[in-house]
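Residue strings, one per chain:
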Amino acid sequence: MYHLGLDIGSSSIKIALVNASTGKSVGVVTEPETEMSMEAVKNGWAEQSPEDWWSYVCSGIEKLCVQENIKKSDISGIGISYQMHGLVLIDKEGNSLRKSIIWCDSRAVGIGQVAYEEIGPEICDTHLLNSPSNFTASKLKWVKENEPEVYAKIYKIMLPGDYIAYKLSGVVNTTVSGLSEGIFWDFKEDSLASLVMNYYGLKKEMIPDIVETFSVQSKVNEKGANESGLAKNTPILYRAGDQPNNALTLNVFNPGEVAATGGTSGVVYAVTDNLSVKESSRVNNFAHVNYSPGKPARIGKLLCINGAGIQYRWLLNNLNVSSYEEMNILANEVPIGCDGVSMIPFGNGAERMLESKEVGTRILNLNLNNHGKGHLCRAALEGIAFSFVYGMEIMESDGIKVNVMRAGNDNLFRSEIFSTTVATLIGYDIEIYNTTGAIGAARAANLHKGDFEAYGKAVLDNDYVMTFSPKEDKTAYENAYATWKKELELILNNL
C-alpha cells in the first residue's frame, strides 16, 4: 500500500507516493509542467484560482499512478502540504467566491499595521505571537471592506490546503497550526483569536471546525473519488503549511532542532517551547505541526532571508560560467575571507530580519587588479552564509537554543564552502537530506499512529546524504564574519 503526498505551491503542485510501511519514495511528479501563473490586477496583488489547484491535483495523481504503474485503490492515506497564508472563500454550495488571495499579495499590509497599533503591540505579541500584518485575517478584512457583496456570501473561509481537503472529502475543517498562520489563534487563551475576530468584525461561523494535524481529518467522498480517481473513503491523515511541513520533512519536531532551506530565498525554521516575542518584528511565530492546546508549546519560529540563492543564480547568469559546480571550483581557489572582498546579498527586496529595510546587494572592497571571478563566487557564498548566521543570532536572542540544523539538498547547502561556513560559525552540525515537501506530507500520513520515532527512522534511512561539522579552527571564519557584519551594520546605520 502507498501514501499520497500533495504539495500545493504557488508555482506548481507536487504529488508524491511513498511506501506506506517503509516511507521509501516511489515517485514524484509536478503539475503543470510549466510554472503556474499568478494574476496581478494591481501592483502588489497576487491571486490564483483554487479550481486550478484542484485540476492539477487530479491530473497529477493520474500521471503519477500511470508513471509508477500503481492502482489508485492501493493508496491508503493522504497528506497535504500547502502554500501558507492564502485566503479561499466558499459559499454554502461549496463554490469558490473569488480567486484566492495568496501569500505574496501585499494589499492588506496597511490593514494589519493599523490593527497592530490599535489592538496594541503588547496584546498582539503575547496573544498572537505576531502582528496581524499581511496574514490571512487581514486579507479577509480587506474583502469585507472592498468586496462586501462577496463577503456577504461567505459560508466558510479556508487556507489552500483546507480547500484541497474539502474538494476530496466534501468536509470543511482546518487545524490549529493553520489558524495560527492566518493569525486566527490566541496562544495565551489556547483558542480562536476572538480579539482579532472582534476587532475586524468577522463572523466566527466562517471559521471551519478544528481537527488534529495528525488524525483521520476526513475521507474521500463519492464526488472527490470521481474527480480524483482515488478510492472512496481513503482517509486524509495530515495537513500543514509549507514551512512547518518542510520542518516535518526534515524530522524537526523538538526544541533545539532547526530546519533550513536555501532556495531563491532562505528560510530558518526553529522549534521551541519558548513563547518569547522579543524579535516579533523580524521573526514570525506559528503553532508547529505537533502543537497541542494545553500541552507544552511547540512553536515554529520562522525567519526568512529574501536575498539568498537568488544572488548566486544571478552570478551564474552573468559571470560567463557554465554551472554552479564551476562556480564552487572557482570559489575553492580563494581563501576564507576572499582576500578582503565582502558581498552583502540582500538584493531581492526589503528584508524583514533587517526591519524591512531595502539594503540591496553590495560588493565591497573589490580591487580591480587583484580580484577575479573566484573572489566574487566565494564572496557570494560567504555573504549568503553570513546572512544565515546573522539570522541565527536574531533567533538565539529570541530564546532559541539549538543543537542541530537539518537542511534540504539544494544548491546552497550542497556547497561545502557555504555549509561549512555556517556550521563553523553557529557551532553545530548541519545534516543534509535529499527529500521534498510532498514526500514529507506523504510520510506524515503515518503519524496519526503517534510513532514519531519510526517516522524519524524513515527520514534517516531514505533521505540522509551527509553532515557538515564545525571546523576546530574558527579564527579565519570569525574574522571574515566580523568584517562582513561591520560592513552591514555601517550600511544599516546610514539607511
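Structural notes, computed from the coordinates.

Rules used in this analysis
Residues numbered from 1 in each chain as written. Predicted model: local features only at pLDDT ≥ 70, side-chain atom pairs only at ≥ 80, totals over all residues. Heavy atoms only, no water. Helix = DSSP H or I, 4+ residues; strand = E, 2+ residues; numbered from the N terminus. Rg over C-alpha atoms; globule rule 2.2 N^0.38 Å. Contact = heavy atoms within 4.5 Å. Areas by Shrake-Rupley, 256 points an atom, 1.4 Å probe, with all protein chains shown as cover. Lys, Arg positive; Asp, Glu negative; His and termini not counted. Charge placed at Lys NZ, Arg CZ, Asp CG, Glu CD. Pairing = 2+ DSSP bridges. Axes fitted to C-alpha atoms, helices over the stretch in contact; angles between N-to-C directions. Phe/Tyr/Trp six-rings, centres within 6.5 Å; stacked < 30°, edge-to-face > 60°. Buried < 20%, exposed > 50% of the residue type's maximum accessible area, 1.4 Å probe, protein only.

### With respect to the overall build of the protein chain
Piece 1. A count of helical and extended segments in the protein chain gives 18 helices and 23 strands.
Piece 2. Relative to its length of 495 residues, the protein chain is compact, with a C-alpha radius of gyration of 23 Å against a globular reference of 23 Å.
Piece 3. Summarising its shape, the C-alpha atoms of the protein chain cover approximately 70 × 55 × 45 Å along the three principal directions.
Piece 4. If you take every contact in the protein chain between residues at least 6 apart in sequence, the share linking residues at least 24 apart comes to 74%.
Piece 5. For the protein chain, the exposed area adds up to about 19,600 Å²; of that, 46% sits on carbon and sulfur atoms.
Piece 6. The distance from the centre of the 44 positive side-chain charges to the centre of the 59 negative ones in the protein chain is 4 Å.

### Focus: the side chain of H85
Piece 1. If you trace the backbone, H85 turns up in the loop between β5 (75–82) and β6 (88–90).
Piece 2. Those residues in contact with H85, other than ones at most four positions away along the chain, are I101, W103, F135, T136, K139, L159, E181 and F286.

### Thoughts on the sheet that holds strand β23 (residues 464–468)
Within a beta sheet, neighbouring strands are joined by backbone hydrogen bonds and run either parallel or antiparallel to one another.
Piece 1. Spatial strand order, β17-β18-β16-β15-β21-β22-β23: 7 strands in an open sheet with mixed pairing. The open sheet has two edge strands, β17 (284–287) and β23, and neither has a second partner. For this sheet, the mean angle separating the axes of adjacent strands, direction not counted, is 25°.
Piece 2. Inspection of the sheet shows strand β21 (residues 404–408) paired to strand β22 (residues 430–433) by 4 bridges, in the parallel sense. Within β22, the residue paired with R406 across the bridge is E431.

### Here's the deal with the packing of aromatic side chains
The geometry of two aromatic rings is summed up by the distance between their centres and the angle between their planes.
Piece 1. Considering all chains together, one arrives at 18 aromatic pairs under this definition.
Piece 2. Pairing F253 with Y455 gives two aromatic rings, centres 5.7 Å apart and planes at 80°, and the pair type is edge-to-face. Of this pair, F253 sits in the loop between α10 (242–249) and β15 (257–262) while Y455 sits in helix α17 (residues 452–463), and the two are 202 residues apart along the sequence. Residues F253 and Y455 agree in their burial class; the two are buried.
Piece 3. Each ring, one from Y390 and one from W484, has its centre 6.2 Å from the other, and the planes form 70°; the classification is edge-to-face. Placement of Y390 in helix α13 (residues 373–397) and of W484 in helix α18 (residues 475–493) is noted, with a sequence separation of 94 residues between them.

### What about the side chain of T424?
Piece 1. On the secondary structure map, T424 appears in helix α15 (residues 416–426).
Piece 2. In this structure T424 touches P470, K471, K474 and Y477, once residues within four positions along its chain are discounted.

### Observations regarding the sheet that holds strand β3 (residues 25–31)
Piece 1. With mixed pairing, the 6 strands of this open sheet are ordered in space as β3-β2-β1-β5-β14-β13. The sheet is open, and its two edges are formed by β3 and β13 (214–219), each paired on a single side. Averaged over all pairs of adjacent strands, the angle between their axes in this sheet comes to 25°, without regard to strand direction.
Piece 2. Of the pairings in the sheet, the one linking strand β2 (residues 13–19) to β3 comprises 6 bridges and is antiparallel in character. Note that in β3 the partner of A16 across the bridge is V28.
Piece 3. Contacts from helix α1 (residues 50–68) reach β1 (2–8), β2, β3 and β5, with the element oriented near 140° to β3.

Just geometry here; none of it tells us what the structure is for.
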